[in-house]
Amino acid sequence: MNEKPEKLIDKKGLRLDGRKPDELRPVKLEVGVIPNADGSAYIEQGKNRILAGVYGPREVHPKHLALQDRAVLKCRYHMAPFSVQERKSPAPSRREIEISKVIRESLEPSVFTEYYPRTMIDVFIEVLQADGGTRCASITAASLALADAGIPLKDLVVACAAGKADDTIVLDLMDEEDKLGKADVPVALMPSLNGITLLQMDGKLTHDEFETAVNMAIEGCKKIYPMQKEALKAKYVGIKEEAEE
Amino acid sequence: MASVVTRIKQKQIVELLEKGKRLDGRELTDYRELKIDQGIIERAEGSARVRLGKTEIVVGTKVEMGEPFSDTPNEGVLTVNAELVPLASPKFEAGPPDENSIELARIVDRGIRESKVIDTEKLCIEKGKKVFVVFVDVYVLNHDGNLIDASALAAVAALLNTKMSNYEVEDGEVKLKSGYTQLPIKQHPITVTCAKIGEKLVVDPGLEEEQVMDARLSMAIDDDGDICAIQKGGAGYFTPEQVIEVSKLAKDKAKEIRKKLDW
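An account of the accompanying structure is given in this report. (Residues numbered from 1 in each chain as written. Chains lettered and ligands numbered in written order. Predicted model: local features only at pLDDT ≥ 70, side-chain atom pairs only at ≥ 80, totals over all residues.)

Quick word on helix α2 (residues 99-114) of chain B
Residues and elements named next belong to chain B.
- A rise of 1.5 Å per residue sets the reference length of α2, with its 16 residues, at 22 Å; its end C-alpha atoms lie 21 Å apart and thus fit the reference within 8%.
- Most of α2 is tucked away, with 13 of its 16 residues classed as buried.
- Residue lysine 116 follows α2 closely and has a positive phi angle near 55°. (Helix = DSSP H or I, 4+ residues; strand = E, 2+ residues; numbered from the N terminus. Expected span 1.5 Å × (residues − 1). Buried ≥ 20, exposed ≤ 12 C-beta atoms within 10 Å, placed from the backbone.)

Rendered as structure tokens:
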């Protein structure tokens, strides 16, 4: 392991990777990356590399889970054994089970599940490399994968974290800030509906700091939102060009 | 699962809320009656029972010797587990923990860990080798809504009541001595849950309110009135304004409960 840095914010107010407090890491999004899936997306945010794949609406398995008035949304967040410094056992940990649940609950408000009663929509998320903020990056990618699968959505869901490094509220925490920082507030947003679909926190924040952090995370989400739309368009522009050739 | 009964109930609950009332006659920001009994299980190192209306939780703690984590060699270890035992609700089933019990355990864990309830450095016996491990087991005995707040309260109440054995180190051997010391406690977080039903926010949702709610938001508030842990649940959303409203409600309610319990 690397030596622990003494300070997360330097004298100029910059962070370990040279970012300003309210600056995002570089984000790269791509849609339609898994040919077999009905919808898929890939995200790079800092050193995070995450794939999301959607299958469905399809037959419910096991059958007794079927709902008569809407589709069942299922979600599995999983980290590859090689995605972190020390090998992670491939068996789902309690952390992964909880994150799978909160990701599902962050996506569900955006999906018109009532259009597909007695079916199931599966969302699979594989973290290939983790660099802090994987649940947020996963949500951003998973929502794109749902859209790519042609499932009607009320809005895209986009997520970003804010937190406290030393005494500064910062946006989009990377690994070191996540581990050594004083608080982490992941937020998922449906920007057009102004709805927060995921909100968690750990650490210690005063109410004013919390309000600042939530607002900063919302601003971060709003910066990633147009990139999501661009990535979605880019796939179809690509298809159109291919067809014209 | 939606059923005919809950559809009718849902309408009733929403209509009442529009008038600022709730099914059981509470105000929107009222908690149900809260009762805490400590030290109810003699075999456990610490224990507490919380009754919140008809919701009943027992938490027992065990303190054993074990190894510290490699990244915190001089700190004791905290482990939280939650059991939704099948006798507590027709919806609970026996078997390995499902996502609901794992989420409950992790919310309780986060509230205790992030607000630093236990002075874990004082649980170190021999740096890097031996520390005390505190097991907190949450047992849900009757589910009538808001398991999160009741479990979080019960866990802190049980920890306040927890003793660990005295020991001495002789030639690298740890020997237990007679007598006990109180577990070193630094904070007393209180978790407050609000449910969003329609556009209304209600504190301490009962079971029927939970069945019709859009979403819930839980916040753990420490002795200083700061926020230490948050969890949103449910398949709905909150507006940013509602989030701030919940944080203010949580602060006020936590203060009120803290005063009542003298924590």
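Notes on the interface of chain B and chain A
- Contacts between the two partners involve 28 residues from chain B and, on the opposite side, 27 residues from chain A.
- Sorting the residues of the side of chain B that touches chain A by element identifies α2, β12 (227-233) and α5 (240-261) of chain B as the ones contributing at least two each.
- Top element by residues in the side of chain B that touches chain A is β12 of chain B. It accounts for seven residues.
- Across the side of chain B that touches chain A, the residue classes tally to 13 nonpolar, six polar and nine charged.
- Relative to β12 of chain B, strand β9 (residues 195-205) of chain A runs antiparallel, the two being bridged by four bridges. Among the inter-strand pairings, glutamine 200 of chain A is bridged to a residue of β12 of chain B, identified as glutamine 231 of chain B. (Contact = placed C-beta atoms within 7 Å. Nonpolar A, V, L, I, M, F, W, Y, C, P; charged D, E, K, R; others polar. Pairing = 2+ DSSP bridges.)

Section: the packing of α2 of chain B against helix α3 (residues 147-160) of chain B
Residues and elements named next belong to chain B.
- Running from amino to carboxyl end, α2 crosses α3 at an angle of 50°, the nearest separation of the two axes being 10 Å. Of the possible angle classes, the one that applies to α2 and α3 is oblique. Where α2 crosses over α3, the handedness of that crossing is right-handed. Where α2 approaches α3, its residues Leu104, Ile107, Val108, Gly111 and Ile112 are matched on the opposing element by Leu147, Ile148, Ser151, Ala152, Ala155 and Val156. (Axes fitted to C-alpha atoms, helices over the stretch in contact; angles between N-to-C directions. Parallel < 35°, antiparallel > 145°, perpendicular 65-115°, else oblique. Left-handed = near helix turned anticlockwise from the far one by under 90°.)

Here we look at helix α1 (residues 94-107) of chain A
- Its 14 residues give α1 of chain A an end-to-end C-alpha distance of 20 Å, which sits within 8% of 20 Å, the value for a rise of 1.5 Å per residue.
- If you check which residues of α1 of chain A are buried, you get Glu98, Ile99, Ser100, Val102, Ile103, Glu105, Ser106 and Leu107 of chain A.

Side note on the nonpolar core
- The biggest cluster of nonpolar side chains holds 140 residues, and the ones touching the most others in it are Val123, Val187 and Ala217 of chain A together with Val138, Ala154 and Ala155 of chain B.
- Those residues in contact with valine 187 of chain A that lie beyond four places of it in its chain are Ala159, Cys160, Ala161, Ile196, Leu198, Leu199, Val214, Ala217, Ile218 and Cys221 of chain A. (Core = buried A, V, L, I, M, F, W, Y, C linked by C-beta atoms within 7 Å.)

Some thoughts on the pairing of strand β5 (residues 119-129) of chain A
All names here are of chain A.
- Pairing between strand β3 (residues 48-59) and β5: nine bridges, direction antiparallel. Within the sheet, the bridge partner assigned to arginine 49 lies in β5 and is glutamine 129.
- Handedness of the β-α-β unit built from strand β4 (residues 72-79), α1 and β5 comes out left-handed. (Right-handed = clockwise from strand over helix to strand, strands pointing away.)

Thoughts on the environment of isoleucine 197 of chain B
Residue and element names in this part refer to chain B.
- Take isoleucine 197: it is sitting in strand β9 (residues 190-197).
- Exposure remark for isoleucine 197: the 23 C-beta atoms within 10 Å place this residue in the buried category.
- Sequence spacing of isoleucine 197 and valine 117 is 80 residues, and the spatial spacing of their C-alpha atoms is 32 Å.
- With residues near it in sequence (within four places) discarded, isoleucine 197 still touches Ile13, Val14, Leu17, Val202, Glu209, Val212, Met213 and Asp214.

So yeah, pure geometry; function would need other evidence.
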